[in-house]
Amino acid sequence: MSVTETEKTGARTETAATVITGARERIDALDDRIIGLIQERMAVSAVIQDARIASGGRRVNLAREMEVLGHYRNALGKPGTSIAMTMLELCRGRI
């Protein structure tokens, strides 16, 4: 038994199901871009960390991380802080 678009989307009309399906496809594409950007940020962060460690510095610069947290909080509100914390955790690399 195949599932109809209205059943998949929870919509009550075919028109709404079409809108929802199209919007979900756009969200999926945006998510793929966001993931790619985070992976790119991780690679750039690794370059910074390597340079800092090679020069005798620490792997993490807490002052810089506070700047990043503030930037996300200012742009996205309180949830932005959580997003930034997760992103910074991903970008710190493995010990």
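Looking at an unreviewed UniProt entry, one finds the protein named Chorismate mutase, with Streptomyces kurssanovii as its source organism.

A.B. asks: Any chance you could explain the overall build of the protein here in plain terms?
C.D. replies: If you tally the helices and strands in the protein, you get four helices and zero strands. Counting from the amino terminus, the protein carries its helices and strands in the arrangement α-α-α-α. Taking 95 residues into account, the globule formula puts the C-alpha radius of gyration at 12 Å, and the protein, at 20 Å, lies well above it. Each principal axis of the C-alpha atoms in the protein carries an extent, and together these give about 65 × 30 × 15 Å. The long-range fraction of contacts in the protein, counting pairs at least 24 apart against all pairs at least 6 apart in sequence, stands at 31%. Total accessible area computed for the protein in this model is approximately 7,400 Å², and 60% of it derives from carbon and sulfur atoms. Between the mean site of the 14 positive side-chain charges and the mean site of the 12 negative ones, the protein shows a separation of 10 Å.

A.B. asks: Would you take a moment to explain the nonpolar core for this structure?
C.D. replies: In a soluble, globular protein the nonpolar side chains are often hidden away together inside. Val68, Leu69, Ala84, Met87, Leu88 and Cys91 form the largest nonpolar core, which has six residues in total. Ranked by the residues each element gives to this core, the list is headed by helix H4 (residues 78-91), at four residues.

A.B. asks: Honestly, a negative patch on the surface in this entry has me stumped. Any pointers?
C.D. replies: Where like charges cluster on the molecular surface, the negative patch consists of Glu25, Asp28, Asp31 and Asp32. Mapped onto the elements of the fold, Asp32 is located in helix H2 (residues 14-54).

A.B. asks: For this particular structure, what's the right way to read the environment of Lys8?
C.D. replies: Structurally, Lys8 is set in helix H1 (residues 5-9). Taking the C-alpha atoms as reference points, Lys8 and Glu40, 32 residues apart in sequence, are found 33 Å from one another. Look past the residues within four positions of Lys8 in its chain and what remains in contact with it is Val3 and Arg24.

Cut-offs used in this document
- Residues numbered from 1 in each chain as written.
- Predicted model: local features only at pLDDT ≥ 70, side-chain atom pairs only at ≥ 80, totals over all residues.
- Heavy atoms only, no water.
- Helix = DSSP H or I, 4+ residues; strand = E, 2+ residues; numbered from the N terminus.
- Rg over C-alpha atoms; globule rule 2.2 N^0.38 Å.
- Contact = heavy atoms within 4.5 Å.
- Areas by Shrake-Rupley, 256 points an atom, 1.4 Å probe, with all protein chains shown as cover.
- Lys, Arg positive; Asp, Glu negative; His and termini not counted.
- Charge placed at Lys NZ, Arg CZ, Asp CG, Glu CD.
- Core = buried A, V, L, I, M, F, W, Y, C linked by side-chain atoms within 4.5 Å.
- Buried < 20%, exposed > 50% of the residue type's maximum accessible area, 1.4 Å probe, protein only.
- Patch = residues over 30% accessible without salt bridge, like charges linked within 9 Å, V, L, I, M, F, W, Y side chains within 5 Å.
- Salt bridge = Lys/Arg side-chain N within 4 Å of Asp/Glu carboxyl O.

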